[in-house]
Amino acid sequence: MIDLTCQELVELLTDYLDGALDAETKQGVADHCAICGGCGPYLEQLRQTIAVLGRLR
Ligand SMILES: [Zn+2]
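Calculation rules
- Residues numbered from 1 in each chain as written.
- Predicted model: local features only at pLDDT ≥ 70, side-chain atom pairs only at ≥ 80, totals over all residues.
- Heavy atoms only, no water.
- Core = buried A, V, L, I, M, F, W, Y, C linked by side-chain atoms within 4.5 Å.
- Buried < 20%, exposed > 50% of the residue type's maximum accessible area, 1.4 Å probe, protein only.
- Helix = DSSP H or I, 4+ residues; strand = E, 2+ residues; numbered from the N terminus.
- pLDDT = per-residue confidence, 0-100.
- Donors = N, O, S within 2.8 Å, 3.2 Å for Na, K, Ca; no water.
- Tetrahedral: all angles 85-135°; square planar, octahedral: opposite > 155°, others 65-115°.
- UniProt positions renumbered as here; feature names shortened; annotations may be inferred.

Per an unreviewed UniProt entry, the recorded name for the protein is Anti-sigma factor family protein, and the organism is Tenggerimyces flavus.

### As for the nonpolar core
Counting 12 residues, the largest nonpolar core is built from Leu 4, Leu 9, Leu 13, Tyr 16, Leu 21, Val 29, Cys 33, Cys 36, Cys 39, Leu 43, Leu 46 and Ile 50. For this core, the secondary-structure elements that each account for two or more residues are α1 (6-18), α2 (23-35) and α3 (39-53). With 4 residues, α3 is the single largest residue contributor to this core.

### Concerning the confidence of the model for the protein
Of all residues in the protein, 95% attain a pLDDT of 70 or more, and the chain-wide mean is 92. Here α3 stands out as the element of the protein with the lowest mean pLDDT, 92, in contrast to α2, whose mean of 97 is the highest.

### Some details on the coordination of the zinc ion
Tetrahedral coordination by four donors places them ideally at 109.5 degrees to one another around the metal; octahedral coordination by six donors ideally gives 90 or 180 degrees. The coordination sphere of the zinc ion, as far as protein atoms go, consists of Cys 6 (SG), His 32 (NE2), Cys 36 (SG) and Cys 39 (SG), spread over 1.9 to 2.3 Å. For the zinc ion, the 4 donor atoms in the first shell make angles of 103 to 113 degrees at the metal, a pattern classed as tetrahedral. Look at where the donors of the zinc ion fall in the sequence and you get C-x25-H-x3-C-x2-C.

### Regarding the UniProt feature "domain: Putative zinc-finger" (unreviewed entry) in the protein
Under the UniProt annotation, "domain: Putative zinc-finger" (unreviewed entry) lies at residues 6-39. Segment residues 6-39 splits into 79% helix and 0% strand. End C-alpha atoms: 7 Å apart.

This is how it looks when you write it as structure tokens:
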């Protein structure tokens, strides 16, 4: 089980949404977003932005 800080999470988010992370790291991101009041909404916002733009890069 990976314990991420908010700083680490933010750096991983684009790869997470791109599906570029390994399963363990991906789970760590999901777990953090589920319990963190800052990163959860941030992830949702980023998801919606990507849905509008299509892709990140
Ligand atoms: Zn956080």
